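# Examining the three-dimensional arrangement
If you want the building blocks of each chain, they are given just below.
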Amino acid sequence: MNFSLVDILLVEDNFDDAELATRELKKHNMANNLFHVKDGAEALEFIFGTGKYESTRDIGHAPKVVLLDIQMPKVNGIETLQKIKLDERTRSIPVVMLTSSKEDPDIQKCYSLGANSYIVKPVNFEGFAAAIKNLGFYWLLTNQPLVK
Amino acid sequence: MNANLVDVLIVEDNPDDAELTIRELKKHTKSAKFFHVKDGEEALQFVFGTGKYSGARNVSNLPGIILLDIKMPKVTGIEVLEKIKSDERTQLIPVVMLTSSNESPDIKKCYDLGANSYIVKPVHFDDFASAIKNIGAYWLILNQNPSR
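Since the model is a prediction, treat every value here as computed from it, not as a measurement.

What counts, and at which threshold
Residues numbered from 1 in each chain as written. Chains lettered and ligands numbered in written order. Predicted model: local features only at pLDDT ≥ 70, side-chain atom pairs only at ≥ 80, totals over all residues. Heavy atoms only, no water. Phe/Tyr/Trp six-rings, centres within 6.5 Å; stacked < 30°, edge-to-face > 60°. Helix = DSSP H or I, 4+ residues; strand = E, 2+ residues; numbered from the N terminus. Buried < 20%, exposed > 50% of the residue type's maximum accessible area, 1.4 Å probe, protein only. Contact = heavy atoms within 4.5 Å. Buried area = accessible area lost by both parts, 1.4 Å probe. Salt bridge = Lys/Arg side-chain N within 4 Å of Asp/Glu carboxyl O. Polar contact = N/O pair within 3.5 Å; in protein donor to acceptor, adjacent residues only side chain to side chain. 1 Å grid on protein atoms, 1.4 Å probe; cavity = no way out; pocket = protein on both sides within 12 Å on 5 of 7 lines; lining within 4 Å. Points joined across faces, edges and corners; volume = space filled by probe spheres on them. Nonpolar A, V, L, I, M, F, W, Y, C, P; charged D, E, K, R; others polar. Pairing = 2+ DSSP bridges. Right-handed = clockwise from strand over helix to strand, strands pointing away.

### Quick look at the packing of aromatic side chains
Scanning the model with the defined rule gives 17 aromatic pairs over all chains in all. Plain terms: the ring middles of Phe35 of chain A and Phe46 of chain A are 5.0 Å apart, the flat faces sit at 25° to each other, and that makes the pair stacked. One end of the pair, Phe35 of chain A, is in strand S2 (residues 34-37); the other, Phe46 of chain A, is in helix H2 (residues 40-48), and eleven residues separate them in sequence. Neither residue differs from the other here; Phe35 of chain A and Phe46 of chain A are each classed as buried. Each ring, one from Trp139 of chain A and one from Trp139 of chain B, has its centre 6.3 Å from the other, and the planes form 75°; the classification is edge-to-face.

Given below as structure tokens:
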């Protein structure tokens, strides 16, 4: 796959959630340029074109949206968000935080660090699928990303 | 109406666009409370509870979301965005920028100032209506706002 064309970067360590999100986006023809990484460390390497993505990724080709799970091993979603939003080369990339718990006190923290949106994953299958569809339509088709 | 309990603050000087926006949002989000102001100066007075909203509005009752037109008389949408996002009392309010032009300098500037989303208003009525529907479905139903 050509990494410069990636429009959705899905950062998700939960296999089932990633699988379901990808399948739902595929159903609506929005997964052609989706790329999935399994933790925050790899997400940062991908976005900044470092580590295993050093020669294959150009930081100038920003995804249209980053879907960022909060609870992840190695580097969690909040640290990843912080690094993206503190660097002026990447801060204009829309980042949508995904979390499983509604009572999460992280919501204010995420917004104050510059998260563009904060979504609580619906618990049931249909609700989650509908949320992913809505999210894909919004960030790929309604929202205007930064034009290069 | 109670100016302290507003789900959507619509800042729009064009009466046709404002009417269409409110009508579409009402159609798809039955219980949401809307408030419409016609320029950036009034938007700031509303958000910060100053000027004509002094006494009627408390700054800590954040609107759920602000739909903010860019080109407006007196104070532009970009100036309003900057003031909201640089004040810690109001910076968590999700702000969606709306513009008629598809010029990239504004896009980067808005994202850098902390805009949560940037929408180019479609020219045709039906497309504009469906964009507003998507905005409502996303920000009023799916997204978790910091203040609610």
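### Regarding the environment of Tyr111 of chain A
Tracing the chain through its elements places Tyr111 of chain A in helix H4 (residues 106-112). Its relative accessible area of 5% is what places Tyr111 of chain A among the buried residues. With 90 residues separating them along the chain, Tyr111 of chain A and Ala21 of chain A place their C-alpha atoms 23 Å apart. In this structure, Tyr111 of chain A is in contact with Asn116, Ser117 and Tyr118 of chain A together with Leu92, Pro94, Asn116, Asn143, Gln144, Asn145 and Pro146 of chain B, ignoring residues within four places of it in sequence.

### Observations concerning the interface of chain A and chain B
Opposite the 27 residues of chain A that make contact, chain B presents 27 residues. Considering only the surface of chain A that becomes buried against chain B, Tyr111, Tyr138 and Gln144 of chain A emerge as the three largest contributors, covering 26% of it. Counting the contacts that link chain A with chain B gives zero salt bridges. Linking chain A to chain B there are 18 residue pairs in polar contact (both at pLDDT 80 or more). Taken together, the elements giving at least two residues each to the side of chain A that touches chain B come down to H4, strand S5 (117-120) and helix H5 (125-142) of chain A.

### Points about the side chain of Asp7 of chain A
Within the fold, Asp7 of chain A resides in the segment before strand S1 (8-11). Among residues more than four places away in sequence, those in contact with Asp7 of chain A are Asn33, Leu34, Pro63, Lys64, Val65 and Leu140 of chain A.

### Let's talk about the layout of surface pockets
Taken as a whole, the largest pocket holds about 360 Å³ of empty space. In this structure, the largest pocket is lined by 18 residues; those nearest its centre are Arg91, Ser112, Leu113 and Gly114 of chain A together with Gly114 of chain B. Elements with a contribution of two residues or more to the lining of the largest pocket: helix H3 (77-86) and H4 of chain A together with helix H4 (104-113) of chain B. Residues that form the lining of the largest pocket fall into these classes: seven nonpolar, seven polar and four charged.

### Here's the deal with the pairing of strand S1 (residues 8-11) of chain B
All names here are of chain B. Of the two faces of S1, both are covered, the one formed by Val8 and Ile10 as well as the one formed by Leu9 and Val11. As judged from the four bridges shared by S1 and strand S2 (residues 34-37), these two strands associate in the parallel manner. Looking at the pairing, Val11 lines up with Val37 of S2. With respect to chirality, the unit in which S1 leads through helix H1 (residues 15-28) into the neighbouring parallel S2 is right-handed. As paired elements, S1 and strand S3 (residues 65-69) share four bridges and run parallel to each other. Looking across to S3, one finds that Ile10 is bridged to Leu67.

Worth remembering: the numbers are spatial, not functional.
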